[in-house]
Amino acid sequence: MNEISVQSATQLNKILSFLTQEHKQKIPADMIHILEKKADTQIDTKINKISDIDEENILPETRKYLAYIFLNYLATEEEKKEYSIILKNNERQYQNYLKKKFNPENIFGSKQKNIKNENIEEKQNLPVVSKKNIFQWIWEKLKRIGRKKI
Amino acid sequence: MQESKIREKYQRDDEQDLRGTNVGAMDRFIEMLKLHENNDDSRIRNIVENIMCIDKVAPNFTIFEGEKCYFMHNFKAYQISRDTNMLVATHEFGHAILSIMNQTTVPENYDKIIEEAKTHALNPENKENFKQYIQYLCGKTDEKEQRTEAEKGPVSDIISSIFQLPGLRVGTYDNVCYFPSSHSRDYYYDKEHNKPNTERIFDEDFANYYSLKVNQCTKEIEIIRNLFGDELIQTMEKELDKISEKILQIQKLDKEEVVTPIEQIKKAIIFTRQSEIETIEIAQKKEKAKEEKEGRSI
């Protein structure tokens, strides 16, 4: 919680101020203390009433910390189970979206084809080098020496 | 019904915006709502005409796409697919309406209503008729092809709830008749307190009844009345009256008078991802470990 930004801490502090005492008591006191200490009363949180607590009005960082606080301190057991399913569903949907947008097969697919074609062309242009074994090499050498002496 | 407003609020058209459900699932949801529009019962029509007032009491109500259709009571999340059967879709929407408008509050003496329904079915005058119907419903007779989807679905599950069993033995011990649709004994019966779980029974009975009403299954509603008497049906009708009145009240109220902080918070966090929470959990653990280490060094 120490890493939270001043803007998010201010928003989060304002949101938690709407909670009933019964709910507030479930959140660790040191966490509330950090938020109160970091909050800057000069910042406009855009949250003046309960219905302002909306994803559109809060920072992404605030939303994440709010979700963390809800899941760990405010949710009933039934709410935790349901919210865990929702979190996983959202993650899966996001990963599918990323896969579609940045599909490695789509990015590298056409380049792979080009590399294959280039390899074939290069092979066709290269000079043919025959492979000799050691005995053939020694025999060639002896032949050259024999020609020189003559 | 304000179809365009519903789509604007709950549908995701742009692939970059992951909030909301895709077109296929939304089309199915709209189709389900349109069944309400053409209903003979004005209370059913009233629900869909004023559906946007859900936002006042349940701002976190949202629609997800998924293979299985179900309703999450605590998060007011309704999951549907493009292929969901209408009886199922309306059943789950019945759960949603009961939860949002009435917090699934069980009517007084509903446990007595269930007992009286059972007594009516097993009364000497009605018992033979009941046994024959159960065998027909469970596919043990030659007329099994005549069973409607509504009988195999909502009617079957209502019978299951009254007896808190997935099936019954009819006549002889070995003649076990399993209902085509049911919930398990553990779901409907509270073993710990040795009594029926009236909250779950009422929740499912209402959802099943709602499905029959929206799909205008008058024949199947009469079957329930003949099997279990008038009181069960009357209880469901009273619940529809209450919901209809509640909708009229909510329309007149300002959102601030109705919404609670927790429900509004749920709305704000509904599209958070698992990895986002995990990042914070890891940071919190590191902070705690650091504090403990500093505490030990001092």
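Residues numbered from 1 in each chain as written. Chains lettered and ligands numbered in written order. Predicted model: local features only at pLDDT ≥ 70, side-chain atom pairs only at ≥ 80, totals over all residues. Heavy atoms only, no water.

**Student:** When you look at the domain arrangement of chain B in this model, what are you seeing that I'm missing?
**Tutor:** When the parts of a complex come together, some accessible area is lost, and that lost area is often taken as the interface size. Residues and elements named next belong to chain B. With domains assigned, chain B is organised as domain 1 (3-105 + 251-266) and domain 2 (110-229). Of note, the centres of domain 1 and domain 2, computed from C-alpha atoms alone, are 28 Å apart. With 21 residues of domain 1 at the interface, the matching set in domain 2 holds 17 residues. Broken down residue by residue, the surface that domain 1 buries against domain 2 is led by L87, H91 and L98, which jointly contribute 34%. The interface formed by domain 1 and domain 2 contains one salt bridge. Between K213 and D41 there is a salt bridge; the shortest N-O distance is 3.0 Å. Viewed at the interface, domain 2 and domain 1 are joined by 13 residue pairs in polar contact (both at pLDDT 80 or more). (Domains from an automatic or database assignment. Contact = heavy atoms within 4.5 Å. Buried area = accessible area lost by both parts, 1.4 Å probe. Salt bridge = Lys/Arg side-chain N within 4 Å of Asp/Glu carboxyl O. Polar contact = N/O pair within 3.5 Å; in protein donor to acceptor, adjacent residues only side chain to side chain.)

**Student:** Sorry if this is basic, but what is going on with the sheet that holds strand β1 (residues 62-65) of chain B here?
**Tutor:** Strand-to-strand pairing in sheets goes through backbone hydrogen bonds, with the strands running parallel or antiparallel. All names here are of chain B. In spatial order, the strands read β1-β3-β2; together these three strands make up an open sheet with mixed pairing. At either margin of the open sheet sits one strand with a lone partner, and together these are β1 and β2 (70-72). Geometrically, the sheet is characterised by an average inter-axis angle of 25° between neighbouring strands, direction not taken into account. The pairing of β2 with strand β3 (residues 77-80) spans three bridges and is antiparallel. Within β3, the residue paired with M72 across the bridge is A77. (Pairing = 2+ DSSP bridges. Helix = DSSP H or I, 4+ residues; strand = E, 2+ residues; numbered from the N terminus. Axes fitted to C-alpha atoms, helices over the stretch in contact; angles between N-to-C directions.)

**Student:** Is there a simple way to explain the side chain of B:Q11 in this structure?
**Tutor:** Residues and elements named next belong to chain B. Considering the arrangement of structural elements, one finds Q11 in the loop between α1 (3-10) and α2 (23-37). The exposure class of Q11 is buried, given its relative accessible area of 12%. Discounting chain neighbours no more than four positions away, the residues touching Q11 are I6, T21, V23 and M26. (Buried < 20%, exposed > 50% of the residue type's maximum accessible area, 1.4 Å probe, protein only.)

**Student:** What's the story with the interface of chain B and chain A in this structure? I'm lost.
**Tutor:** The interface of chain B with chain A comprises 40 residues on the first partner and 42 residues on the second. Buried area between chain B and chain A, both sides added, is near 3,900 Å², and the carbon and sulfur share of it is 60%. Inspection of the chain B/chain A interface yields four salt bridges. A salt bridge links A:D54 to B:K267; the shortest N-O distance between them is 2.9 Å. For the interface between chain B and chain A, the tally reads 16 residue pairs in polar contact (both at pLDDT 80 or more). Breaking the side of chain B that touches chain A down by element, the ones donating at least two residues are β2, β3, α13 (255-258), α14 (261-269) and α15 (274-297) of chain B.

**Student:** In this structure, what is going on with the nonpolar core? I would like to understand it.
**Tutor:** A general feature of soluble globular proteins is that nonpolar side chains tend to end up buried together. With 74 residues, the main nonpolar core has B:F29, B:F61, B:Y78, B:F93, B:M101, B:I159 and B:F228 as its most contacted residues. No other element matches the nine residues that helix α5 (residues 86-102) of chain B contributes to this core. Built from parts of two domains, this core gets at least three residues from each of domain 1 (3-105 + 251-266) and domain 2 (110-229) of chain B. With near-sequence residues (within four places) excluded, B:F29 lies in contact with B:I6, B:F61, B:I63, B:Y78, B:I80 and B:F93. The next biggest cluster of nonpolar side chains, apart from the first, holds 39 residues, and it includes A:I27, A:L35, A:I53 and A:F70. (Core = buried A, V, L, I, M, F, W, Y, C linked by side-chain atoms within 4.5 Å.)

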